[in-house]
Amino acid sequence: MADFDVIAMGAGHNSLTTCGYLAKAGKKVLLLERHDYAGGGAATQQILTPGYHHDLHSSVHIMIQANPLITNDELDLFKKYGMDYKYSDVPHATIFADQTALMTYKDLDKTCEGMAKISQRDAEAYRRFVELGQSMLPMIMPGMYKPQPPLGALMAMLDSSEEGRVMMDMMQRSSMDIINTWFTHDKIKMHIARAVSENLQLPDELGTGMGTVMFTALMHTYGVAQPWGGSGKLSESMVRAIEATGGEIRYNSEIKRILVSGGKAKGVELVTGEKIMARDAVIGSMHPHKIRQFVDGVSEPVLKRAENASLAAFSLFVAHYDLREPVQFRTAEKDVEKAIMLTLCQHESMADMQRDFDAVKRGELTDMMFSAGNDESKTDPSRVPEGAGMWHSTGFAPFNLLEGGSSRWDEIREAYGEERQKQQGKFVSNLNSDNIIAHKFYTPLDLERNSPNSMVEGDVHGVAPYFYQSVGHRPTPDLGQFKVPGIDSLYLVGPSMPPAGGVVGAGRAAAMVMFEDLGMDFDSTFQTGESKSKSTVKARTQAPDDGAVRLFDENDAELMTVDSIDTTDDELVVRGKTFGTMPLTARLGPGDLRRAAKMALSPAKFMTIVKMLFSKD
Ligand SMILES: Cc1cc2nc3c(=O)[nH]c(=O)nc-3n(C[C@H](O)[C@H](O)[C@H](O)COP(=O)(O)OP(=O)(O)OC[C@H]3O[C@@H](n4cnc5c(N)ncnc54)[C@H](O)[C@@H]3O)c2cc1C
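### Observations regarding the overall build of the protein
Reasoning step 1: Of regular secondary structure, the protein possesses 20 helices and 23 strands.
Reasoning step 2: The C-alpha atoms of the protein give a radius of gyration of 26 Å, which matches the 25 Å a tight globule of 617 residues would have.
Reasoning step 3: Principal-axis analysis of the C-alpha atoms gives the protein an extent of 90 × 70 × 45 Å.
Reasoning step 4: Here the protein holds 617 residues, and the buried ones make up 47% of them.
Reasoning step 5: Across the protein, the fraction of contacts at a sequence separation of at least 24, relative to all contacts at a separation of at least 6, is 69%.

Pasting the structure below:
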């Protein structure tokens with residue numbers, strides 16, 4: 001007998017998100033988590049000295065900022081369950097080797113002022129670049145936290161307008177290509193390339209260009225944030241929301257298998273042998289490479305394609321320090337202390353930086369290490385004992401070392417970490433034994449050990465952010481709708497799923513798919529403004545009086561606004577916009593018009609059309 005409607009493997013922020021929606025709608029959920037804490041990659045712990053609260057993995061929340069989970073507080077995380085964000089007016093800063101610094105302020109004017117001191121030309125280009133990205137955000141963001149269309153369908157739609165083709169072009173190019181087209185000064189190029197490569201993408205990898213314009217625009221539009229108290233406060237608020245509905249999270253409970261019978265997921269088996277059954281569905285925090293390990297009955301081609309999903313070219317090396325006093329930066333630029341993402345850039349030129357990216361991709365440990373870091377206690381004193389400081393740094397590093405493979409990390413962890421510390425000392429004057437109370441280093445191999453079923457080979461975003469595994473084709477075309485073909489009632493969450501890895505709240509889209517399958521109405525439950533139950537009359541009266549003709553789908557969601565209907569010699573040309581601002585042009589040729597006329601011109605339909613013309617809106 002099943003005690004739960006839904007069982008989730010893992011209590012990472014994504015399965016917490018999916019379960020949060022289901023629980024709020026009345027489903028009884030159980031989350032089984034192999035660790036003794038919730039949150040997976042969004043967890044804050046006292047790992048060394050009591051009183052120092054470190055973000056084990058993620059610390060910066062970027063992509064989630066536009067998610068209705070946050071913007072509409074759909075799970076009452078802010079209203080009832082203690083969640084609160086700390087925003088900074090400096091989303092990103094870079095300190096260069098010469099101790100000058102460049103800030104990306106949320107304020108575009110202030111950012112451009114700083115850039116103009118380096119290059120007037122690039123400052124002007126940057127403004128246009130951000131404005132271009134911001135003009136695309138309304139087309140992209142509303143669809144970001146919902147199930148994604150197949151890649152081919154999206155391309156066909158983009159290909160129908162000039163603006164769409166600009167996006168298609170950017171989606172297929174490399175970041176470096178975009179950066180070189182727009183900017184000339186190496187400091188500005190490195191500042192942008194380094195920020196967007198936080199997505200674990202090499203600047204010159206094809207298919208990463210769109211991320212460059214989006215990431216930049218996002219920083220100036222939504223800003224970036226950290227929860228007060230650390231990244232894990234998001235997960236902790238989700239746990240409280242679920243428990244308030246009677247849902248349960250069981251820790252130290254590792255799932256060995258998903259139980260499948262008759263092509264349907266029925267429950268789970270733990271490593272202890274205990275079996276727990278679910279009435280409605282099972283959710284798996286499962287990397288595409290791991291499906292074979294957990295689920296029987298999936299067809300070989302689906303498994304092969306899943307195992308072929310590409311991983312990022314590099315991973316991260318992480319260092320945590322408990323300090324007696326806050327860090328002191330060598331640069332005179334005080335605003336770097338407010339930066340949520342702070343790059344310590346040792347490279348003198350973009351060519352130097354690219355050489356090191358190439359080396360990391362080949363598995364080499366470079367002389368000049370990529371580093372980012374900050375003392376989070378400077379803006380959030382609750383993270384440390386009074387008057388103390390902390391240092392949290394991450395840097396790009398290969399998982400598979402050219403010499404010795406991944407297992408060599410265990411031999412070199414401390415020596416490599418100490419070398420990184422020495423290099424960071426070029427930017428921070430008191431990262432030394434007088435100030436350090438304790439430290440802990442995590443190698444790429446440690447990251448995989450911590451999250452073996454979601455961060456394979458230390459890919460903290462699950463799979464690489466490449467064009468061919470984007471939107472509904474992430475991680476593969478088979479799995480991009482959060483389901484596993486051939487296995488009913490099994491749903492996938494995790495960083496490999498659309499729209500992207502990281503703290504995104506992508507579990508919302510998985511919840512939407514589950515609501516649909518379980519016959520529940522997501523839109524009316526969470527008042528998304530897209531409710532099927534809204535009356536047609538209300539939707540039409542609420543539409544702005546802008547002279548546009550509007551087409552609605554059967555659920556009364558707006559499909560497109562029609563701005564003009566023109567004729568050419570042999571076509572009827574309908575021009576309008578879809579997704580709010582994306583231009584769409586539809587052409588009807590003579591044959592189409594004849595067929596359309598036949599469809600509409602039965603006497604009954606003709607009379608209805610005539611009556612509609614004279615009736616009120
Ligand atoms: C060092 C580091 C820094 C990062 N920095 C950032 C950042 O600043 N910003 C950002 O947006 N992202 C960052 N990320 C990435 C981000 O942390 C992840 O992409 C994100 O947390 C993924 O969330 P998730 O819920 O999908 O998966 P996970 O967080 O991996 O959750 C999966 C959960 O399932 C559990 N689980 C797995 N298998 C089983 C099993 N068999 N039985 C029971 N439980 C199981 C795991 O223990 C885990 O709790 C970082 C990651 C790392 C490692």
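### Things to note about the site of the ligand
Reasoning step 1: Taken together, 37 residues form the shell around the ligand, and within it Gly 10, Gly 12, Gly 40, Gly 41 and Gly 502 come nearest.
Reasoning step 2: Taken together, the elements giving at least two residues each to the shell around the ligand come down to helix H1 (13-24) and strand S13 (315-323).
Reasoning step 3: A breakdown of the residues in the shell around the ligand according to their chemical character gives 15 nonpolar, 19 polar and three charged.

### Structural notes on the sheet that holds strand S14 (residues 341-345)
Reasoning step 1: In spatial order, the strands read S7-S6-S14-S15-S16-S13-S17; together these seven strands make up an open sheet with mixed pairing. A strand with exactly one partner marks an edge of an open sheet, and here the two such strands are strand S7 (101-104) and strand S17 (436-442). Going from strand to strand, the sheet's axes swing by 20 degrees on average, the running direction of each strand aside.
Reasoning step 2: In the sheet, S14 pairs with strand S15 (residues 371-374) via two bridges, with the strands oriented antiparallel. Bridge assignment links Leu 344 to a residue of S15, and that residue is Ser 371.

### Overview of the nonpolar core
Reasoning step 1: Membership of the largest hydrophobic core comes to 156 residues, with the highest contact counts inside it found for Val 6 and Val 29.
Reasoning step 2: Setting aside residues no more than four positions away along its own chain, Val 29 makes contact with Phe 4, Asp 5, Val 6, Ala 8, Cys 19, Leu 22, Ala 23, Ile 242 and Gly 247.

### Notes on the packing of H1 against helix H16 (residues 507-517)
Reasoning step 1: Where H1 contacts H16, the axes come no closer than 7 Å and their chain directions differ by 40 degrees. One way to sum up the angle between H1 and H16 is to call them oblique. Our pair here, H1 against H16, has a crossing hand that is right-handed. For the pair H1 and H16, contact is made by Asn 14, Ser 15, Thr 17, Thr 18, Tyr 21 and Leu 22 and by Gly 507, Arg 508, Ala 510, Ala 511 and Met 514, respectively.
Reasoning step 2: The residue inventory of the contact of H1 with H16, partitioned by class, reads five nonpolar, five polar and one charged.

### Points about helix H10 (residues 232-243)
Given 3.6 residues per turn, any residue in an α-helix points the same way as the ones three and four places further on.
Reasoning step 1: In this model, H10 (twelve residues) spans 17 Å end to end at C-alpha, consistent with the 16 Å of a helix rising 1.5 Å per residue.
Reasoning step 2: Counting buried residues in H10 gives ten out of twelve residues, a clear majority hidden from the surface.
Reasoning step 3: Taken together, the buried positions of H10 are Gly 232, Lys 233, Leu 234, Ser 235, Glu 236, Ser 237, Met 238, Val 239, Ala 241 and Ile 242.
Reasoning step 4: The inward-facing, buried residues of H10 contact H1, strand S2 (29-32), strand S3 (44-45), strand S4 (54-55), strand S8 (225-227) and strand S9 (248-250).

### So, the pairing of S13
Reasoning step 1: A large share of S13 lies buried, amounting to nine of its nine residues.
Reasoning step 2: Pairing of S13 with strand S16 (residues 389-397) involves nine bridges; the strand directions are antiparallel. Paired with Ala 319 across the strands is Ser 393, a residue of S16.

### Some words on unusual backbone geometry
It is generally the case that most residues other than glycine have a negative phi and that most peptide bonds are trans.
Reasoning step 1: With an omega dihedral of -5 degrees, the bond running from Arg 474 to Pro 475 counts as a cis peptide bond.
Reasoning step 2: Within the fold, Pro 475 resides in the loop between helix H15 (444-450) and strand S18 (483-484).
Reasoning step 3: At Asp 76, a position not held by glycine, the phi torsion is positive, near 60 degrees.
Reasoning step 4: Looking at where Asp 76 falls in the secondary structure, it is placed in the loop between helix H2 (68-71) and strand S5 (85-87).

### Structural notes on the environment of Ala 464
Reasoning step 1: Relative to the helices and strands, Ala 464 is located in the loop between H15 and S18.
Reasoning step 2: Excluding its chain neighbours within four sequence positions, the residues that come into contact with Ala 464 are Ser 310, Leu 311, Ala 312 and Gln 469.

### Focus: the confidence of the model for the protein
Reasoning step 1: Mean pLDDT for the protein: 92, with 94% of residues reaching 70 or above.
Reasoning step 2: Taken as a whole, residues 531-538 scores under 50 in pLDDT and shows ten contacts with residues more than four places along the chain or in a different chain.

### Notes on the environment of Lys 483
Reasoning step 1: Tracing the backbone through its elements, the reader meets Lys 483 in strand S18.
Reasoning step 2: Overall, the presence of 18 C-beta atoms within 10 Å leaves Lys 483 in the partly exposed class.
Reasoning step 3: The spatial distance from the C-alpha of Lys 483 to the C-alpha of Asp 76 is 27 Å, given a sequence separation of 407 residues.
Reasoning step 4: Discounting residues that sit within four places of it in the chain, Lys 483 has contacts with Leu 490, Tyr 491 and Val 513.

### Structural notes on the pairing of strand S11 (residues 264-270)
Reasoning step 1: In the sheet, strand S10 (residues 255-261) pairs with S11 via six bridges, with the strands oriented antiparallel. Bridge assignment links Ser 261 to a residue of S11, and that residue is Lys 264.
Reasoning step 2: Where S10 hands over to S11, the hairpin turn is made up of two residues, of which Gly 262 adopts a positive phi near 60 degrees.
Reasoning step 3: Counting the residues in the hairpin turn of S11 and strand S12 (residues 275-285) gives four residues, including Gly 273, whose phi is positive at 100 degrees.

### A few points about the environment of Asn 252
Reasoning step 1: The residue Asn 252 is located in the loop between S9 and S10 in this model.
Reasoning step 2: Asn 252 sits 216 residues away from Asp 36 along the chain, and the two C-alpha atoms are 5.2 Å apart.

Here is what the cut-offs are and how they apply
- What you see as residue numbers is a count from 1 along each chain, following the sequence as written.
- A pLDDT threshold of at least 70 governs which residues receive local features in this predicted model, and a stricter bar of 80 or more applies before side-chain atom pairs are shown or counted, although totals over entire chains, interfaces and linings include all residues.
- Segments assigned H or I by DSSP are reported as helices when at least four residues long, segments assigned E as strands when at least two residues long, and all are numbered from the N terminus.
- In this setup the radius of gyration rests on C-alpha atoms only. A globule is expected at 2.2 Å times the number of residues raised to 0.38.
- The exposure label follows from counting other C-beta atoms within 10 Å of a residue's C-beta, where the C-beta atoms are placed from the backbone and the thresholds are 20 or more for buried and 12 or fewer for exposed, leaving partly exposed in between.
- Placing C-beta atoms from the backbone, we regard two residues as in contact once those atoms come within 7 Å.
- As used in this record, a residue near a molecule or strand is one whose C-beta atom, placed from the backbone, is within 6 Å of it.
- For this classification, Asp, Glu, Lys and Arg are treated as charged, while Ala, Val, Leu, Ile, Met, Phe, Trp, Tyr, Cys and Pro are nonpolar and the rest, including Gly, are polar.
- Criterion used throughout: strands pair if DSSP finds at least two bridges between them.
- The angle between two axes is taken between their N-to-C directions and runs from 0 to 180 degrees, where each axis is a line fitted to C-alpha atoms and a helix contributes only its stretch in contact.
- Residues of type Ala, Val, Leu, Ile, Met, Phe, Trp, Tyr and Cys that are buried and joined through C-beta atoms within 7 Å form what is called a nonpolar core.
- Reported orientations rely on four angle classes, namely roughly parallel under 35 degrees, roughly antiparallel over 145, roughly perpendicular from 65 to 115, and oblique for the rest.
- Here a crossing is called left-handed whenever its near helix is offset anticlockwise from the far helix by less than a right angle, and right-handed whenever the offset is clockwise.
- The span expected for a helix works out to 1.5 Å for each residue beyond the first.
- The quantity known as pLDDT measures the predictor's confidence residue by residue, on a range of 0 to 100.

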